[in-house]
There are 4 protein chains.
Amino acid sequence: MSAVLGENRYGKAEVRLLRVRRHADRHEIEDLSVTTALSGDFADVHLRGDNAAVLPTDSQKNAVHAFAADEPMGEIEDLALRLGRHFVGGPVHRARVRVERFGWARIPVDGVPHPHAFVGDGPERRVATATCAPEGAWVVSGLDDLAVLKSTGSEFRGFPRDRYTTLAETDDRVLATTVHARWRFAALDLDWAAAFAAARHALLETFARLHSRSLQQTLYEMGRAVLAACPQIAEVRLSMPNRHHFAVDVAAFGHAEDAQVFAVADRPYGLIEGTVRREGAPEAPAGIEW
Amino acid sequence: MSAVLGENRYGKAEVRLLRVRRHADRHEIEDLSVTTALSGDFADVHLRGDNAAVLPTDSQKNAVHAFAADEPMGEIEDLALRLGRHFVGGPVHRARVRVERFGWARIPVDGVPHPHAFVGDGPERRVATATCAPEGAWVVSGLDDLAVLKSTGSEFRGFPRDRYTTLAETDDRVLATTVHARWRFAALDLDWAAAFAAARHALLETFARLHSRSLQQTLYEMGRAVLAACPQIAEVRLSMPNRHHFAVDVAAFGHAEDAQVFAVADRPYGLIEGTVRREGAPEAPAGIEW
Amino acid sequence: MSAVLGENRYGKAEVRLLRVRRHADRHEIEDLSVTTALSGDFADVHLRGDNAAVLPTDSQKNAVHAFAADEPMGEIEDLALRLGRHFVGGPVHRARVRVERFGWARIPVDGVPHPHAFVGDGPERRVATATCAPEGAWVVSGLDDLAVLKSTGSEFRGFPRDRYTTLAETDDRVLATTVHARWRFAALDLDWAAAFAAARHALLETFARLHSRSLQQTLYEMGRAVLAACPQIAEVRLSMPNRHHFAVDVAAFGHAEDAQVFAVADRPYGLIEGTVRREGAPEAPAGIEW
Amino acid sequence: MSAVLGENRYGKAEVRLLRVRRHADRHEIEDLSVTTALSGDFADVHLRGDNAAVLPTDSQKNAVHAFAADEPMGEIEDLALRLGRHFVGGPVHRARVRVERFGWARIPVDGVPHPHAFVGDGPERRVATATCAPEGAWVVSGLDDLAVLKSTGSEFRGFPRDRYTTLAETDDRVLATTVHARWRFAALDLDWAAAFAAARHALLETFARLHSRSLQQTLYEMGRAVLAACPQIAEVRLSMPNRHHFAVDVAAFGHAEDAQVFAVADRPYGLIEGTVRREGAPEAPAGIEW
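Quick caveat: nothing in here was measured; it's all calculated off a predicted structure.

**Q** I keep staring at the pairing of strand 5 (residues 104-109) of chain B and nothing clicks. Help me out?
**A** Each regular strand shows side chains that alternate between the opposite faces of the sheet. All names here are of chain B. Alignment of strand 5 against strand 6 (residues 112-120), held across five bridges, turns out to be antiparallel. In the strand pairing of strand 6, W104 is matched with G120. Linking strand 5 back to strand 6 in an antiparallel pair, the connection comprises two residues, with D110 at a positive phi of about 55 degrees.

Pasting the structure below:
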């Protein structure tokens, strides 16, 4: 039997990155997923395991990071073309580059779009749960998957160090999370839609305004703001994954230092959970549904 | 050994429904997922398989459909409370009802919100792919997961019937899909952002305006509108699942006929795919990436 | 501008079905997902909304159900070919049929493969959680996503009927669930691997052996069997979705009655949750992790 | 208004790791996902943003890596307990550690379990697609999501280096992928089940046997083995993501060097796609479905 190598290609899939352009008065962000695929004279690696022509997919990822730092980056079509043309040459006869873009809008604060705090387009859902029993009824409302991100205004310092601590302190990091919130009402005769709007607004505006010293502090202040905004709410529970963004050293690839590109990590992630209660508010009965 | 029954509950999870309220001048929709959980005196069914106290989860689903048809339905908190109170009594000592709400906005047509065409909040993404080679470069752009829905203005009639055909003809159905679109450019020197905005607008407005006789017709007209809106686009490919909504007979549960509730199906779904090309436009080279 | 219709096709995607062949001594099952796609002379429906050539995707789904009932069904390649050839003709010039098959193995009982109880290939995971505090430590172990199915030996009768009840009683149904189990140990000095094996075996064998009068009864007996098998386990918590299988009336399509095909539903689903405790076992401290 | 901090906890979720224990004659692997959650005296960080008590979740992740390298690691219950007890103390009053374990079996080669090549438990599916037309019919079969992993027997060296290349050469790495395979038959009158079994066996055994110099080489040899095993197969298409495993420097945490722990990455991943054809076999007609 004689086998023949047919069409083939290789590349790096789903390079997730955030690009931050820091202007004096405001930041601009691009949240992208980039996939490369190269084809050409690659018989040797398939037939003999000879890698002499095989630019590592890791190098392709690095190139994606570097090109995303270009100023201006342009539209995603520009980025895809620039990258594609970069890869063509030598053994590479054809390069395909796919760029996917996730949408973010500025969080409005006092009616003005915030300079560096953003809320994601996404599958956010409003949720309500009633627990009913002969002795009474209770309502817990909230929301799931509210994505928020600050490109500055967040630090993490002063933490203890044990033998397993390798993390450096930082006074300026990207802070990103997906808020899952539940608030328990102490009353049932109220304007649910207005309460939801007030609570959601308090979450967003607090996230945007507060200079964050830790995600725990941000969580607590967001919970407190919900209580302040809605007198009928007795308790707020928040669960907020810390969506880590790691700065990429694009200066190593010849870029000016202020070209900021961050790798967006999937797992693991910090997970911060906490409850904020109104002093003197009635306790939740056991067995209500959160 | 002696075993003891501990906490337990049962119910129907993720009852997906669309509620349509038809006013003379416009429709209002609510897109919900409802989960019920009942607990109480249910030892007999666990210990002896005696179902005398076990209201079927199917009946709970039907009650969800019926209560969603109430006028007014109120906020999701109202619906959850009404359902929860309905279930409590007899063996049921505690009912928990969770309602999740998916957001939709009216599609603007000529700057005016459309009376019965909607675009979903969701994880829509803009996409661009460049294919580069020594002999040239090509760009395909588009979008994924753009959810749209019309609560009227769609019919499906006149189709052939074979021995496996049981579907009834309809002159008024819910039409819902998630648009996946790709458009191939015949040029590279253009305003990518403006082209994207024009193409997306053409997709939405055509979906909203056109009285649909079939999803194929809608697909074709949406593709044609993109070509008309963007002279640099040579070809449009569309893939549109038919997200089936089945009318629930809430009249059987004592509701007036015009209370319209639809069950939202997951699978299977119709899948309509098609290409619309500009006459005389250059062909796509083999091997470009869609 | 002149637009031209390019390649196009349509069909029904992800028709999920279970086929059961009932022999005297044992059942055979096939768990499939089928997708059809037809292409040919379909310009009229795209250009003018004329459906005269458009066999509904609903009819395609019905044909899938009917052909899956053929005796013998053959391998999935045979089914795909038979369906594809059926659709070709008239306006249909090309039919593509994709069949995906999910694997199931017979549950062994007393070392013998069970005649009608099955365990699914799948992403089952073993799980353990320790909660540690100065005053002590507790371990909860278990498993997630253990898929099991019985093609007979399950009934559901004798339930109450309210105004929303439309469900018929049944003395023979498919019972399918995905087991999520957690068991709390009252000790820490034991053979964890042996305990896991014994508990998993007890879950499977009880599911297979017990004639089920309700999923609650099955849940309770499965929990009891875990307690009986592992003296160090104090408490078992089970969460079991009722994966509904609805019998398809393939007799209406000319098939003999004993050709059994079931539509596999995604949502909604019954959700049964319960706890079984060992009498006299120590209580779980508040705050341990399940 | 006065707000009070309620229950709270924090930790690192979903630390994905592979542990490899290298014995002279065979390797043993554990594929785990670990989640930590700490609670205790953490009011200061919530109320004042004071991190003095907040051991970073990054350090918790590092501890997970270090403890997974313990010899013996024990069962997942042992690991969870050891980690939980490690975290308790000082401000931490309660530590919860959840460990999830993914199953792998040794690939049999010549009927003998392989010393360092494994196949994952998982949602592998067999797939067949028929394309039918008046002029003929074609069948493509295959499988999706067949997870395989080698803990040694894989190198990657001799690749070109550009300005974006930072990857080091390696002569011993973990090679893991999820095989998506399609094979096109040149005939229709054959034993489909036997062909599937032979093709799947060829894929697995080749992956296990071959010392890999690149994933492309492995892909090509796997395709060639399928052709050799099944004379009716004309062409094989393979898509294989390179599931990267990055060695963790547990020696930095005081562990002996041969304790091997790898971080399992989600994204990005290399994606290798290729076709292997039988020389002289008939071409696939345009438009058949893969």
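Now, onward.
**Q** Can you help me understand the environment of R21 of chain C in this one?
**A** All names here are of chain C. Considering the arrangement of structural elements, one finds R21 in strand 2 (residues 15-22). By relative accessible area, R21 is classed as buried at 9%. Taking the C-alpha atoms as reference points, R21 and L32, separated by eleven residues in sequence, lie 14 Å from one another.

**Q** When you look at the pairing of strand 3 (residues 27-40) of chain A in this model, what are you seeing that I'm missing?
**A** Residue and element names in this part refer to chain A. The buried fraction of strand 3 amounts to eleven of the 14 residues, a majority that puts the element mostly inside the structure. The turn linking strand 2 (residues 15-22) back onto strand 3 is made up of four residues. Two strands pair when backbone bridges link them, and strand 3 and strand 4 (residues 92-102) are joined in this way by ten bridges, in the antiparallel orientation. In the sheet register, L32 faces strand 4, and the bridge partner there is R101.

**Q** I would appreciate a short explanation of unusual backbone geometry in the present structure.
**A** What you tend to see is this: most non-glycine residues have negative phi, and most peptide bonds are trans. Along the chain, E71 of chain A connects to P72 of chain A via a cis peptide bond; the corresponding omega equals -5 degrees. By the element assignment, P72 of chain A lies in the loop between helix 2 (57-68) and helix 3 (76-87). In this chain, R267 of chain D is followed by P268 of chain D through a cis amide linkage whose omega measures -10 degrees. The topology assignment puts P268 of chain D in the loop between strand 12 (260-264) and strand 13 (269-278). Unusually for a residue other than glycine, D110 of chain A sits at a positive phi of about 55 degrees. Overall, D110 of chain A belongs to the exposed group, its relative accessible area being 58%.

**Q** Mind showing me how you'd approach the side chain of E77 of chain C here?
**A** Among the secondary structure elements, E77 of chain C is positioned in helix 3 (residues 76-87). Excluding residues within four positions of it along the chain, E77 of chain C makes contact with R126, A128, V139, S141 and W192 of chain D.

**Q** Sorry, what's going on with the interface of chain C and chain B here?
**A** Interface extent is often summarised as the accessible area lost during association of the parts. Taken residue by residue, the interface counts 73 residues in chain C and 73 residues in chain B. Each partner contributes to the roughly 6700 Å² buried at the junction of chain C and chain B, and carbon and sulfur atoms together form 51% of this total. Looking at the side of chain C facing chain B, the largest losses of area belong to M1, Y164 and R267 of chain C, adding up to 11% of the total buried there. For the pair chain C and chain B, the interface holds eight salt bridges. Notably, a salt bridge pairs R9 of chain C with E273 of chain B, separated by 2.9 Å at the nearest N-O pair. Viewed at the interface, chain B and chain C are joined by 44 residue pairs in polar contact (both at pLDDT 80 or more). Those elements that place two or more of their residues in the side of chain C that touches chain B are strand 1 (3-13), strand 2, helix 1 (43-48), helix 2 (57-68), helix 5 (215-229) and strand 13 (269-278) of chain C. It is strand 1 of chain C that contributes the most residues to the side of chain C that touches chain B, eleven residues altogether. When the residues that make up the side of chain C that touches chain B are grouped by side-chain class, the tally is 32 nonpolar, 22 polar and 19 charged. One ladder, built from nine bridges, connects strand 1 (residues 3-13) of chain B with strand 13 of chain C; its direction is antiparallel. The partner of K12 of chain B across the bridge, within strand 13 of chain C, is G270 of chain C.

**Q** Whenever I open this one, the environment of A168 of chain D confuses me. Can you help?
**A** Structurally, A168 of chain D can be placed in the loop between strand 8 (136-150) and strand 9 (175-185). Linking A168 of chain D and P231 of chain D, residues 63 residues apart in sequence, is a C-alpha distance of 41 Å.

**Q** Any chance you could explain the environment of S39 of chain B here in plain terms?
**A** All names here are of chain B. With respect to the helices, strands and loops of the structure, S39 is situated in strand 3 (residues 27-40). We classify S39 as buried; its relative accessible area is 10%. Along the primary structure S39 and H93 are separated by 54 residues, whereas in three dimensions their C-alpha atoms are 6.0 Å apart. What S39 contacts, discounting residues up to four positions off in sequence, is N8, R9, P91, V92, H93, R94 and R96.

**Q** Got a minute to help me understand helix 3 (residues 76-87) of chain B in this structure?
**A** Three or four residues apart is the spacing at which side chains of an α-helix point the same way, because the helix has 3.6 residues per turn. Across its twelve residues, helix 3 of chain B extends 17 Å between first and last C-alpha, which sits within 8% of the 16 Å expected from 1.5 Å per residue. Along helix 3 of chain B, the residues classified as buried are I76, E77, L79, A80, L81, L83, G84 and F87 of chain B. For helix 3 of chain B, the secondary structure elements touched by its buried residues are strand 7 (125-133), strand 8 (136-150) and helix 4 (192-209) of chain A together with strand 3, helix 2 (57-68) and strand 4 (92-102) of chain B. G89 of chain B occupies a position one or two residues after helix 3 of chain B and carries a positive phi of about 135 degrees.

**Q** Explanation requested: the relation of the copies chain A and chain D in the structure shown.
**A** Structural alignment of chain A on chain D gives an RMSD of 0.0 Å, achieved by rotating through 180 degrees and translating 0.0 Å along the axis. On this basis, the relationship between the two copies can be described by a two-fold rotation axis. Within chain A, D266 of chain A has its C-alpha nearest the rotation axis, a separation of 3.3 Å. Of the residues that chain A buries at the interface, 100% are likewise interface residues in chain D, meaning the two copies contact each other through the same surface.

**Q** Please explain the interface of chain A and chain D as it appears in this structure.
**A** In this complex, chain A contributes 73 residues to the contact, which on the side of chain D involves 73 residues. When chain A packs against chain D, close to 6700 Å² is buried across both sides, 52% of that on carbon and sulfur atoms. On the chain A side of the interface with chain D, the three residues burying the most area are M1, Y164 and R267 of chain A, jointly 11% of the side's total. Put simply, chain A and chain D have eight salt bridges between them. Here chain A is connected to chain D by 44 residue pairs in polar contact (both at pLDDT 80 or more). Mapped by element, the contributors of at least two residues to the side of chain A that touches chain D are strand 1 (3-13), strand 2, helix 1 (43-48), helix 2, helix 5 (215-229) and strand 13 (269-278) of chain A. Of the residues in the side of chain A that touches chain D, the class split is 32 nonpolar, 22 polar and 19 charged.

**Q** Just checking my understanding: could you explain the packing of aromatic side chains for this structure?
**A** The description of an aromatic ring pair uses the distance of the two centres, along with the angle that the planes make with each other. Tallied over the full model, the rule gives 24 aromatic pairs over all chains. A ring pair is formed by F156 of chain D and F159 of chain D, whose centres lie 4.8 Å apart and whose planes are at 25 degrees; its orientation type is stacked. Classification of F156 of chain D by relative accessible area gives buried; the value is 9%. The ring of W290 of chain C has R237 of chain C lying over it, and the distance from NZ or CZ to the ring centre is 3.6 Å.

**Q** What is the right way to look at the relation of the copies chain C and chain B in this model?
**A** Copies of the same chain, two in number, are related to each other by a rotation about an axis and a translation along it. Superposition record for chain C on chain B: RMSD 0.0 Å, screw rotation 180 degrees, translation along axis 0.0 Å. Mapped onto chain B, 100% of the interface residues of chain C are again interface residues, and the two copies thus contact each other with one and the same surface.

**Q** Help me out: how do you make sense of the packing of helix 4 (residues 192-209) of chain B against helix 5 (residues 215-229) of chain B in this one?
**A** Axis angle and axis distance: for two packed helices, these are the angle between their axes and the distance between the axes, and together they describe the pair. Residues and elements named next belong to chain B. Direction vectors running N to C along helix 4 and helix 5 enclose 145 degrees, while the axes themselves pass 8 Å from each other. Remark: the crossing between helix 4 and helix 5 carries right-handed chirality. Where helix 4 abuts helix 5, its residues A198, A199, A202, L203, T206 and F207 lie against T218, E221, M222, A225, V226 and A229.

**Q** What am I meant to see in the pattern of salt bridges here?
**A** It is possible for side chains bearing opposite charge to pair when their charged atoms get close. Taken as a whole and assessed by the stated rule, the structure comprises 124 salt bridges over all chains. Taking the shortest distance from any N to any O, the salt bridge between E124 of chain D and R200 of chain D comes out at 2.6 Å. Placement of the pair is E124 of chain D in the loop between strand 6 (112-120) and strand 7 (125-133) and R200 of chain D in helix 4 (residues 192-209), with a sequence separation of 76 residues. Each of R98 and E100 of chain A together with R125, D144, D145 and R182 of chain B takes part in a single network of salt bridges with overlapping partners.

**Q** Looking at this structure, I do not really get the nonpolar core. What am I missing?
**A** Here is a general trend for soluble globular proteins: nonpolar side chains tend to be buried in one another's company. Membership of the largest hydrophobic core comes to 156 residues, with the highest contact counts inside it found for W183 of chain A together with W183 of chain C. The residues contacting W183 of chain C, other than those within four sequence positions of it, are V139, V140, S141, G142, L143, F196, A199, L203, V226, I233, E235 and V236 of chain C. One finds V15 and L32 of chain A, V119 of chain B together with A130 of chain D within the second-largest nonpolar core, a separate group that totals 155 residues.

**Q** Sorry, what's going on with the packing of helix 2 of chain C against helix 3 of chain C here?
**A** Residue and element names in this part refer to chain C. At a minimum axis separation of 10 Å, helix 2 and helix 3 run at an interaxial angle of 135 degrees. Classed by the angle they form, the pair helix 2 and helix 3 counts as oblique. Two packed elements cross with a definite hand, and for helix 2 against helix 3 that hand is right-handed. In this structure, helix 2 uses Q60, A63, V64, F67 and A68 to contact helix 3, whose residues at the interface are L79, R82, L83, H86 and F87. When grouped by side-chain class, the residues that make up the contact of helix 2 with helix 3 number seven nonpolar, two polar and one charged.

**Q** Quick question: what am I supposed to make of the side chain of Q216 of chain B here?
**A** Note on placement: Q216 of chain B falls in helix 5. Residues within four places of Q216 of chain B in sequence aside, it is in contact with I272 of chain B together with Y10, V45, H46 and V54 of chain C.

**Q** Honestly, helix 4 of chain B in this entry has me stumped. Any pointers?
**A** Residues and elements named next belong to chain B. In this model, helix 4 (18 residues) spans 26 Å end to end at C-alpha, consistent with the 26 Å of a helix rising 1.5 Å per residue. Within helix 4, the full set of buried residues consists of W192, A195, F196, A199, A202, L203, L204, E205, T206, F207 and A208. Looking at where helix 4 begins, the residue whose side-chain oxygen comes 3.2 Å from the main-chain nitrogen of A193 is D191.

Conventions used here
- Residues numbered from 1 in each chain as written.
- Chains lettered and ligands numbered in written order.
- Predicted model: local features only at pLDDT ≥ 70, side-chain atom pairs only at ≥ 80, totals over all residues.
- Heavy atoms only, no water.
- Pairing = 2+ DSSP bridges.
- Helix = DSSP H or I, 4+ residues; strand = E, 2+ residues; numbered from the N terminus.
- Buried < 20%, exposed > 50% of the residue type's maximum accessible area, 1.4 Å probe, protein only.
- Contact = heavy atoms within 4.5 Å.
- Buried area = accessible area lost by both parts, 1.4 Å probe.
- Salt bridge = Lys/Arg side-chain N within 4 Å of Asp/Glu carboxyl O.
- Polar contact = N/O pair within 3.5 Å; in protein donor to acceptor, adjacent residues only side chain to side chain.
- Nonpolar A, V, L, I, M, F, W, Y, C, P; charged D, E, K, R; others polar.
- Expected span 1.5 Å × (residues − 1).
- Least-squares fit on C-alpha atoms with pLDDT ≥ 70 in both.
- Phe/Tyr/Trp six-rings, centres within 6.5 Å; stacked < 30°, edge-to-face > 60°.
- Lys NZ or Arg CZ within 6 Å of the ring centre and 35° of its normal.
- Axes fitted to C-alpha atoms, helices over the stretch in contact; angles between N-to-C directions.
- Left-handed = near helix turned anticlockwise from the far one by under 90°.
- Core = buried A, V, L, I, M, F, W, Y, C linked by side-chain atoms within 4.5 Å.
- Parallel < 35°, antiparallel > 145°, perpendicular 65-115°, else oblique.

By themselves, these figures tell us nothing about what the structure is for.
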